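Chains, contacts and geometry: an overview
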Amino acid sequence: MMALYDPIPRKAALLTGTVSSGRGKAFHHVKHSLAELEALTGVVLFPGSLNVVLDREVKLKACNAIIFDNGRRYLWEAYVEGIRIWIYRWKGTPFHIVELFSDKKLRDALGMMNGSSISIQVNEAMIDHISMKGKFVSFLLWGGRRRLFYNVTYTDSKLLKSMRLRLSDGQR
């Protein structure tokens, strides 16, 4: 497979965050695309993701992503402690959330648990500018509530879903 960019970042950006328990939906959302993902990444992905709440909002360039599932889902190659991983997002993922896929169970391979700090190394060319509207919407919906993304009661609220849809929150 030809890389979309130099896989070993010469100019790396470091995304830092905290490992969080998830809602158990990531693998369910991509299981119908496993053959496509294996062809695109060259690896068989572990059936589950490592959920990370970033310390800051980060938009990743869609043009540098591996796009799958009819354009609704994205992967970017990155590294954590020398382990090749894939940052996973879907349309509308809040800018402070990433999920990580790998061919390994990352919690075990990295010795991580909920609350562990994590640093993700990405090629800085993959980082995109967040518009003022994007920053405002992110603050409006998630300011002071960043860790609530994985709280089903909060994220499943009809009001929040409606606001996110109308305001075009998150990764596009």
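Just so it is clear, the model here is predicted, and its values are computed rather than measured.

A separate point is unusual backbone geometry. Not every positive phi belongs to a glycine, and asparagine 70 is a case in point at roughly 55 degrees. With respect to the helices, strands and loops of the structure, asparagine 70 is situated in the loop between strand S4 (66-68) and strand S5 (73-80). One non-glycine residue, glutamate 81, adopts positive backbone phi at about 50 degrees. Within the secondary structure, glutamate 81 sits in the loop between S5 and strand S6 (83-90).

Here we come to the environment of threonine 16. Among the structural elements, threonine 16 can be located in strand S1 (residues 12-20). Other than its neighbours up to four places away in sequence, threonine 16 contacts Leu54, Asp55, Ile118 and Ser119. A distance of 2.7 Å separates polar atoms of two side chains, one belonging to threonine 16 and the other to aspartate 55.

A few words now on the nonpolar core. As a rule of thumb, soluble globular proteins bury nonpolar side chains together. With 25 residues, the main nonpolar core has Ile85, Ile87, Leu100, Leu110, Ile118, Ile120 and Val122 as its most contacted residues. Of all the secondary structure elements, the ones that give two or more residues to this core are S1, strand S2 (50-54), S5, S6, strand S7 (97-101), helix H3 (106-110) and strand S8 (117-123). With 4 residues, S5 is the single largest residue contributor to this core. If we skip the residues at most four places from it in the chain, leucine 110 touches Leu50, Val80, Glu81, Ile83 and Ile118.

The N-to-C vectors of helix H4 (residues 132-142) and helix H6 (residues 158-167) enclose an angle of 180 degrees; their axes lie 11 Å apart at closest approach. Overall, the two elements H4 and H6 adopt an arrangement that is roughly antiparallel. Of the residues in H6, those in contact with Lys133, Val137, Leu140, Leu141 and Trp142 of H4 are Leu160, Met163, Arg164 and Leu167. For the contact of H4 with H6, a count of residues per class yields 7 nonpolar, no polar and 2 charged.

Turning to its location among the elements, histidine 29 is positioned in helix H1 (residues 26-30). Residue histidine 29 is classed as partly exposed on the basis of its relative accessible area, which comes to 30%.

Listed as buried for H4 are Gly134, Val137, Ser138, Leu141 and Trp142. Here the buried residues of H4 occupy an arc of 100 degrees about the axis, which is enough to place them on one side. Exposed side of H4, more than 90 degrees from the buried face: Met132, Phe136 and Phe139 are the residues found there. On its buried face, H4 sits against helix H5 (152-155) and H6. Of the residues trailing H4, glycine 144 is marked for its positive phi of about 75 degrees.

Burial within S5 is extensive, with 8 of its 8 residues counted as buried. Of the two faces of S5, the one carrying Arg73, Leu75, Glu77 and Tyr79 and the one carrying Tyr74, Trp76, Ala78 and Val80 are both buried. Two strands pair when backbone bridges link them, and S4 and S5 are joined in this way by 3 bridges, in the antiparallel orientation. Bridge pairing links isoleucine 67 to tyrosine 74 in S5. Where S4 hands over to S5, the hairpin turn is made up of 4 residues, of which aspartate 69 adopts a positive phi near 55 degrees. Here S5 runs beside S6; their pairing, made up of 8 bridges, is antiparallel. Directly across from tryptophan 76, in S6, lies its bridge partner isoleucine 87. Connecting S5 to the antiparallel partner S6 that follows it, the hairpin turn spans 2 residues, and glutamate 81 within it adopts a positive phi of roughly 50 degrees.

About the criteria used
- Residues numbered from 1 in each chain as written.
- Predicted model: local features only at pLDDT ≥ 70, side-chain atom pairs only at ≥ 80, totals over all residues.
- Heavy atoms only, no water.
- Helix = DSSP H or I, 4+ residues; strand = E, 2+ residues; numbered from the N terminus.
- Contact = heavy atoms within 4.5 Å.
- Polar contact = N/O pair within 3.5 Å; in protein donor to acceptor, adjacent residues only side chain to side chain.
- Core = buried A, V, L, I, M, F, W, Y, C linked by side-chain atoms within 4.5 Å.
- Buried < 20%, exposed > 50% of the residue type's maximum accessible area, 1.4 Å probe, protein only.
- Axes fitted to C-alpha atoms, helices over the stretch in contact; angles between N-to-C directions.
- Parallel < 35°, antiparallel > 145°, perpendicular 65-115°, else oblique.
- Nonpolar A, V, L, I, M, F, W, Y, C, P; charged D, E, K, R; others polar.
- Arc of directions from axis to C-beta.
- Pairing = 2+ DSSP bridges.

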